[in-house]
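Chain by chain, the residues run as shown.
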Amino acid sequence: MSVVLYHHPFSRAANVIWMLEEVGVPYELHHVDIMTGGQKAPDMLALNPMGKLPVLTDGDTVVTESAAIALYLADRYSYGTLAPRVDDPARGTYLRWAFFAPSVIEPGAMAKMAGWTFKDSQAGWGAFEAMLATIESALEGRDFLLGDKFSMADAVFGGTLRYMLMFKMMEPRPSFTAYAERLAARPAFQRAEARNAAIREERGLNKK
Ligand SMILES: N[C@@H](CCC(=O)N[C@@H](CS)C(=O)NCC(=O)O)C(=O)O
């Protein structure tokens, strides 16, 4: 099988299973035990010198960073469907929100939780309140970021938002939770949840 996801169910790789299920490409999972530092083993560092998951390989291509993996999979296996084509005006909106998640939501929520002090004007992720207002405006009056139609940007942005809500790193504003529920209703999301749950069970991780 060409596509391999280096995975642990307690990592962002869990969300990548959802992305793979959305595009429908056959894939294989390679379990990496992040509890015992498997992500820092020489074979893993050769793939990702950061020593982190997820890592996705497709033949000789190595992709790290969850958002990059999402955009790669959508362009490669669902171009024109889950990824707007380059000549589609929706492509700009798609990229905007796919990048907003790792560039603004992740560091912004982490900064808030850890109590970092910084100047909003100097930090690329800006002010926490502005971020919340921006997320609300992105979701206002639409089911998904591009309107009625789900795209891979939702798996990145929505996956990040879900994580923030789950770990109480963000307040559960009604539009955030309604969006998270719409995403959770997707068959691909449910297949991914089931696969992650089966792996947790198989590896005895539910007891830890
Ligand atoms: N920017 C990366 C973050 C990757 C990341 O932080 N992965 C965590 C798990 S979710 C990890 O591997 N942690 C183990 C470690 O750093 O040793 C992405 O979006 O994929």
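To start, this report covers the structure provided alongside it.

Rules used throughout
- Residues numbered from 1 in each chain as written.
- Predicted model: local features only at pLDDT ≥ 70, side-chain atom pairs only at ≥ 80, totals over all residues.
- Heavy atoms only, no water.
- Core = buried A, V, L, I, M, F, W, Y, C linked by side-chain atoms within 4.5 Å.
- Buried < 20%, exposed > 50% of the residue type's maximum accessible area, 1.4 Å probe, protein only.
- Helix = DSSP H or I, 4+ residues; strand = E, 2+ residues; numbered from the N terminus.
- Contact = heavy atoms within 4.5 Å.
- Near = heavy atom within 4 Å.
- Polar contact = N/O pair within 3.5 Å; in protein donor to acceptor, adjacent residues only side chain to side chain.
- Areas by Shrake-Rupley, 256 points an atom, 1.4 Å probe, with all protein chains shown as cover.
- Phe/Tyr/Trp six-rings, centres within 6.5 Å; stacked < 30°, edge-to-face > 60°.

### Topic: the nonpolar core
For step 1, the next point in the chain: I135, M152, F157 and M170 are the most contacted members of the largest nonpolar core, which totals 56 residues.
For step 2, the next point in the chain: Secondary-structure elements contributing two or more residues to this core are β1 (3–7), α1 (13–23), α3 (66–77), α4 (90–114), α5 (128–139), α6 (152–166), α7 (174–184) and α8 (187–202).
For step 3, the next point in the chain: With sequence-adjacent residues up to four places away left out, M152 is seen in contact with M19, V23, A70, L73, A74, L82 and Y94.
For step 4, the next point in the chain: Counting residues in hydrophobic clusters, the runner-up holds six residues, among them V4, Y6, M44 and L53.

### Description of the site of the ligand
For step 1, the next point in the chain: Within the structure, the ligand sits among S11, R12, Q39, K40, G51, K52, L53, P54, E65 and S66.
For step 2, the next point in the chain: Here a nitrogen atom of the ligand sits 2.7 Å away from a polar atom, N or O, in the main chain of L53.
For step 3, the next point in the chain: In the complex, the protein chains occlude 76% of the 510 Å² of accessible area that the ligand would expose alone.

### Comments concerning the packing of aromatic side chains
For step 1, the next point in the chain: In this structure the tally under the stated criterion is 10 aromatic pairs.
For step 2, the next point in the chain: Seen from their ring centres, F118 and W125 are 5.2 Å apart, and the 65° between their planes marks the pair as edge-to-face.
For step 3, the next point in the chain: We classify W125 as partly exposed; its relative accessible area is 22%.
For step 4, the next point in the chain: Geometrically, the ring pair formed by F144 and F150 is edge-to-face, given 5.8 Å between the ring centres and 90° between the ring planes.
For step 5, the next point in the chain: You can call F144 buried: its relative accessible area is 10%.

In short, shape yes, function no, at least from these values alone.
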